[in-house]
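These are the residues of each chain, in order.
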Amino acid sequence: MTREDLLKMDEAQLRRRYEELKREIHYHNYRYYVLNAPVISDYEYDRLMQELRWIEELHPEWVTPDSPTQRVGAPPAEGFRKVRHPVPVLSLANAFSDEDVRAWFRRLVRLDPRVENADFTVEPKIDGLSVVLHYREGQFVLGATRGDGLEGEDVTANLRTVKQLPLRIPVDPNGPPPPRYLVVRGEVYITKEDFRRLNEALAARGERTYLNPRNTAAGSLRQLDPRVTAERPLRLWAYQILTGEGDLPRTQWETLQYLRALGFPVFDADHCPDLDCVLQAYRKWLQRRDELPYECDGVVIKINDLALQQSLGVVGKDPRGMLAYKFPAREVTTKLLDIRVNVGRTGKITPYAILEPVEIGGAIIRKATLHNFEYIREKDIRIGDRVYVKRSGDVIPYIVGPVKEARTGEEIPYEPPTHCPVCGEPLYHDPDEVDWYCVNAACPAQLARRIEYFASRTAMDIPGLGRKIAEQLVEARLVEDVADLYYLTRDDLLKLEGFAEKKAENLLAGIAASRNRPLRRLLTGLSIKGVGPTIAALLEQHYPDLDALAQATREELEALEGIGPVIARSIVDWFSRPRHRRLLEKLKKAGVWPRAVQAATQAQPLAGLTFVITGTLKTMTREQAKAFIEAHGGRVASSVSRKTNYLVVGANPGSKLQKARQLGIPTIDERTLYEMAGETPPAELTEGDADRPAAGRADPDSPKQPTLPLG
Ligand code: IVH
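In this text the structure is predicted, and so the values were computed from the model without any measurement.

Time to look at the overall build of the chain. In terms of regular secondary structure, the chain is built from 26 helices and 26 strands. Its C-alpha atoms give the chain a radius of gyration of 29 Å, near enough to 27 Å, the size a compact globule of 711 residues would have. With respect to the three principal axes, the spread of C-alpha positions in the chain is 85 × 65 × 55 Å. Here the chain, with 711 residues, has 52% of them falling under the buried criterion. In the chain, the share of contacts with a sequence separation of at least 24, taken over all contacts with a separation of at least 6, comes to 67%. Surface accessibility of the chain: about 33,300 Å² in total, with carbon and sulfur atoms responsible for 50%.

Laid out in structure tokens, this is it:
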């Protein structure tokens, strides 16, 4: 509920909502801390807490000691010795919008006018587990979890296994002299890549996997056997001095430098002279979110002057002088209402989820992909389940998995279809592949998708010809293949619902204009399995037209760099089919017969540039990316050096990214690579961001919901 919703309620309603929220939050605390099995995402939890706080602000007289706001975290679990913290280990209030941040600032200025001129640090908010590290005479003597903020668990033995944790400070003998006593707060975390690997290994051993990196850090640190912890790739960021003896820094910014000088791992942060800079820094971190090797769910804004920060005091368990500004959520839970299937243009059958509508990062999500039937089986996803749904930046929303703890017994296991839901023909499955196919060449669903794809920006770019019209054309039997588009008449179109003169003429003009598109576009549009824009561009380099390509043998194709046996077979197979021969004849007769401009004379937009690739790209393998860059005149090197012009960054980038940053080498995403090469990026890189400027990243706040893949 929003604050406005609450303000509209009368007192009795508000009271009911208040009691309901308390009950709900207590339950989620229990699930999270005691059972280690949460049923909602952190983001949803934070929102519930925020709502509770709003009500308590309106009615402070209602607050009783049993309110979740009055409790700092959860009681320490059994099994570890309890440690009393030297000072309360506090938590943070959350903001979800610029306005929340500005309101926070205004409140502080009212409280203390000195805040008006305050400077700030902006730090990443690490999604890990808070720890308290005690050093005496430079020796690490005690390490504890946060627990309830007053008392934590003694996990010293486990923390000693964290390799980044300095056991003696300063680590560098030339560093600053160690204070007699120092208590440092930090965050133990695991990188995204290590998280993925660890879960893979756990799954392979048949052990329970972790939900997210934080859950993993917590679970690993609280192992009763330190040998287990030692095997976990835990890391540390230090960011606060809780207390100590000696001459200690007076600002947060100096604290970070000081901790670094002592040998603690400290993240890069921003030092901001005013609030505008703070909001800008937030946006910078938000943009970099995907490139960071660790999970980061927001930034922490801190008043830099520690004396001023202190003097502002604490509300409940949150210091007033700090604020967590959260990134838009990417993972929420909702109910899986149904599983349906989509028939793609190559006949591939892909399941997708119908969801109870839910907001993720500003978009309402109603559908999400389920990848394939094997995925549903492996994750044991059932209809009626509560499921985690993730939508990160520019990817299509997908189901992460079921919340098994929330099961009621009413959930229905899913049975994949045996027949095509559109044409009714039996489905086919190659035992070596995960996917199922409808192999009926006349299946109307496939044909509609092929027409749609043929007309898309990735292929022949026929404006106005989208999914709906493609389906109308197929249903009215006006087209049996893509070539028939070029034989459509005005009268044909006027028969269709929603078509008047103008619309018919526009569409015909668009179709006519597409006749002159380059060969690679036409090739892409034919929906030959495995032949997307990259391979099409490669083929265009070697074959002047479709007749020449139709003559190519498997051996010949396989000899081309970037083409393997599967694609070679698929191409030869496609050209051998009589209905495709007929299609080609029709295209030729209609004058849709582009001839390639061969390599030598073709523009080479990437000529003279050296690229290095890191991480997983969405539309091409490494080999294909190399072929793509070379086909456009560029060069690909295997490691970053001063000679590198650009680093192409995919998902989960490796150490090359760091190296590039050190050397100041510009980084680009996959989409920008296409754009630099003068190619239209495939739809999956551009989906859901029609309003986006030509280069850069997709805006995760974009209200448009990405559409589902066509298969
Ligand atoms: S300062 C008094 N700085 O976020 C608050 N906390 O939601 C002290 N966290 O419990 C925390 N990164 O475990 C601070 N750069 C950062 C942080 C950070 C992650 C965690 C911390 C805290 C939680 C609050």
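Next up on the list: the packing of aromatic side chains. For the coordinates displayed, the defined rule picks out 18 aromatic pairs. Ring plane angle 85° and centroid distance 5.6 Å describe the contact between Tyr-43 and Phe-96, whose orientation is recorded as edge-to-face. A residue pair is termed long-range when its members are at least 10 positions apart, and Tyr-43 in helix α3 (residues 42-58) and Phe-96 in the loop between β2 (94-95) and α4 (98-111) qualify at 53 residues. Judged by relative accessible area, Phe-96 falls into the buried class, the value being 14%. Each member of the aromatic cluster is reached from another via a ring pair, and the members are Tyr-189, Trp-237, Tyr-239, Phe-267 and Tyr-294. If you follow Arg-15 out to its NZ or CZ, it ends over the ring of Trp-62, 4.8 Å from the centre. The positively charged end of Arg-47 is found above the aromatic ring belonging to Phe-96, 4.4 Å away from the centroid.

We now examine the sheet that holds strand β5 (residues 139-145). Strand order in the open sheet made by the four strands is β5-β4-β7-β8, with antiparallel pairing throughout. The open sheet has two edge strands with one neighbour each: β5 and β8 (235-245). For this sheet the average axis-to-axis angle between neighbouring strands, irrespective of direction, equals 25°. In the sheet, strand β7 (residues 181-189) pairs with β8 via nine bridges, with the strands oriented antiparallel. Looking across to β8, one finds that Tyr-189 is bridged to Arg-235.

This part takes up the environment of Arg-467. On the secondary structure map, Arg-467 appears in helix α14 (residues 467-475). Taking the C-alpha atoms as reference points, Arg-467 and Arg-449, 18 residues apart in sequence, are found 7.2 Å from one another.

All right, on to the environment of Asp-42 then. Along the polypeptide, Asp-42 turns up in helix α3. In the structure, Asp-42 is positioned 290 residues away from Val-332 in sequence and 8.3 Å away in space, judged by C-alpha atoms. Residue contacts for Asp-42: discarding those within four places in its chain leaves Tyr-32, Asp-127 and Arg-214. Among the polar contacts made by the side chain of Asp-42, one reaches the side chain of Arg-214 at a distance of 2.2 Å.

Let us look at the nonpolar core. Judged by nonpolar contacts, the single largest core of 63 residues is most densely connected at Val-101, Trp-104, Leu-133, Leu-159, Phe-264, Tyr-294 and Ile-303. Ranked by the residues each element gives to this core, the list is headed by helix α10 (residues 275-288), at seven residues. Ignoring sequence-local partners within four residues, the contact set of Phe-264 consists of Leu-133, Tyr-135, Pro-166, Ile-169, Val-184, Ala-238 and Leu-259. Counting 55 residues, the second-largest nonpolar core is a separate cluster that includes Ile-528, Leu-539, Tyr-543 and Ala-568.

Working definition: the covalent bond between the sulfur atoms of two cysteines is a disulfide. Here the structure, examined in full by the defined rule, presents one disulfide. Put simply, Cys-272 and Cys-277 are joined by a disulfide, and their sulfur atoms are 2.2 Å apart. Between Cys-272 and Cys-277 the disulfide shows an S-S torsion of about -65°. By sign, it is left-handed. Cysteine Cys-296 is unpaired, with the sulfur of Cys-272 as its nearest cysteine sulfur at 15 Å. The thiol of Cys-443 is unpaired, and the distance to the nearest cysteine sulfur, on Cys-423, comes to 3.8 Å. Here Cys-443 falls in the buried class, since its relative accessible area comes to 0%.

Reading guide: rules and limits
Residues numbered from 1 in each chain as written. Predicted model: local features only at pLDDT ≥ 70, side-chain atom pairs only at ≥ 80, totals over all residues. Heavy atoms only, no water. Helix = DSSP H or I, 4+ residues; strand = E, 2+ residues; numbered from the N terminus. Rg over C-alpha atoms; globule rule 2.2 N^0.38 Å. Buried < 20%, exposed > 50% of the residue type's maximum accessible area, 1.4 Å probe, protein only. Contact = heavy atoms within 4.5 Å. Areas by Shrake-Rupley, 256 points an atom, 1.4 Å probe, with all protein chains shown as cover. Phe/Tyr/Trp six-rings, centres within 6.5 Å; stacked < 30°, edge-to-face > 60°. Lys NZ or Arg CZ within 6 Å of the ring centre and 35° of its normal. Pairing = 2+ DSSP bridges. Axes fitted to C-alpha atoms, helices over the stretch in contact; angles between N-to-C directions. Polar contact = N/O pair within 3.5 Å; in protein donor to acceptor, adjacent residues only side chain to side chain. Core = buried A, V, L, I, M, F, W, Y, C linked by side-chain atoms within 4.5 Å. Disulfide = S-S within 2.5 Å.

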